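Topology and contacts: notes
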Amino acid sequence: MMNPKILVVEDDRKISNLIKIYLENYEYTVVQAYDGEEAKEVYLQHSPCLIILDLMLPKASGEEFCQWVKKGEMDDPAVIMLSARAKTNDKINGLRIGADDYMTKPFSPEELVAHVEAVLRRTGHFCQKIAIDGLVIKPRKGEVTLGGKQIELTSYEFNLLYFLMEHPEQVFSREQLVHQIHPHGEAEIMTRTIDAHVKKLRRKIEENPSQPWRILTVRGMGYKLNGI
């Protein structure tokens, strides 16, 4: 998986840059915004996996931005609220409007990184939407669309498709794919189900399942997703 993208929304540029430096040291990709309105533009442009959000912002408050994000049609990113407000009611309100975590200022950058790691573990390792030639998968929402039309998939089909879309043009053996969707299954038995999952997926995402061009069979090796 690519490095998770994090949006830092903080009007104090020194604090924002400090957070950015620490996160990039841990190989996260960081984008920044300095007020509530700019945050909307950056969010729509970058579709981050996680948002570190100050509550006291110019133009639009952190609460307003969080509510806007949670009501939107894009992925549902994790949110860590960062605020000087330390009262219990402030924390409760933040969590109720959609935050996954709440930290108070002043804070340790190392502690913030630990919170980021914990939230990403808790909210799932699939973060960012992927779009390939009209096929779009939104992992946090559990949605797949083709040409704007929603496609219903089982959990196994969803995980298989996401893995292939994360690695377009790479060939994977059946055993490798089994490990992704049946990590605790019996490999010898589960390997036989990969062909069945692929066949069902093709029925849902291929114009002509008998002549597939999205999920390709590589003879003697396995399967790959056409990234062209």
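On a predicted model such as this, the values are computed, not experimentally measured, just so you know. (Residues numbered from 1 in each chain as written. Predicted model: local features only at pLDDT ≥ 70, side-chain atom pairs only at ≥ 80, totals over all residues. Heavy atoms only, no water.)

A word on the packing of helix H2 (residues 36–46) against helix H3 (residues 62–71)
Axis separation between H2 and H3 bottoms out at 9 Å; the angle between their running directions is 25°. With respect to each other, H2 and H3 are oriented roughly parallel. Of the two elements, H2 crosses H3, and the hand of that crossing is right-handed. Between H2 and H3, the contacting residues are Gly36, Ala39, Lys40, Tyr43 and Leu44 on the first element and Phe65, Trp68 and Val69 on the second. In the contact of H2 with H3, the residues fall into 6 nonpolar, 1 polar and 1 charged. (Axes fitted to C-alpha atoms, helices over the stretch in contact; angles between N-to-C directions. Helix = DSSP H or I, 4+ residues; strand = E, 2+ residues; numbered from the N terminus. Parallel < 35°, antiparallel > 145°, perpendicular 65-115°, else oblique. Left-handed = near helix turned anticlockwise from the far one by under 90°. Contact = heavy atoms within 4.5 Å. Nonpolar A, V, L, I, M, F, W, Y, C, P; charged D, E, K, R; others polar.)

A closer look at the sheet that holds strand S8 (residues 143–146)
Read across the sheet, 4 strands follow the order S6-S7-S8-S9 without closing on themselves; strand pairing throughout is antiparallel. Each of the sheet's edge strands pairs with one partner strand only, and the pair in question is strand S6 (130–132) and strand S9 (149–151). For this sheet, the mean inter-axis angle between neighbouring strands, taken without regard to orientation, is 25°. As judged from the 4 bridges shared by strand S7 (residues 135–138) and S8, these two strands associate in the antiparallel manner. Each bridged residue has a counterpart across the sheet, and for Ile137 the counterpart in S8 is Val144. This element, helix H6 (residues 155–166), spans S6, S7 and S8 of the sheet and lies at about 110° to S7. (Pairing = 2+ DSSP bridges.)

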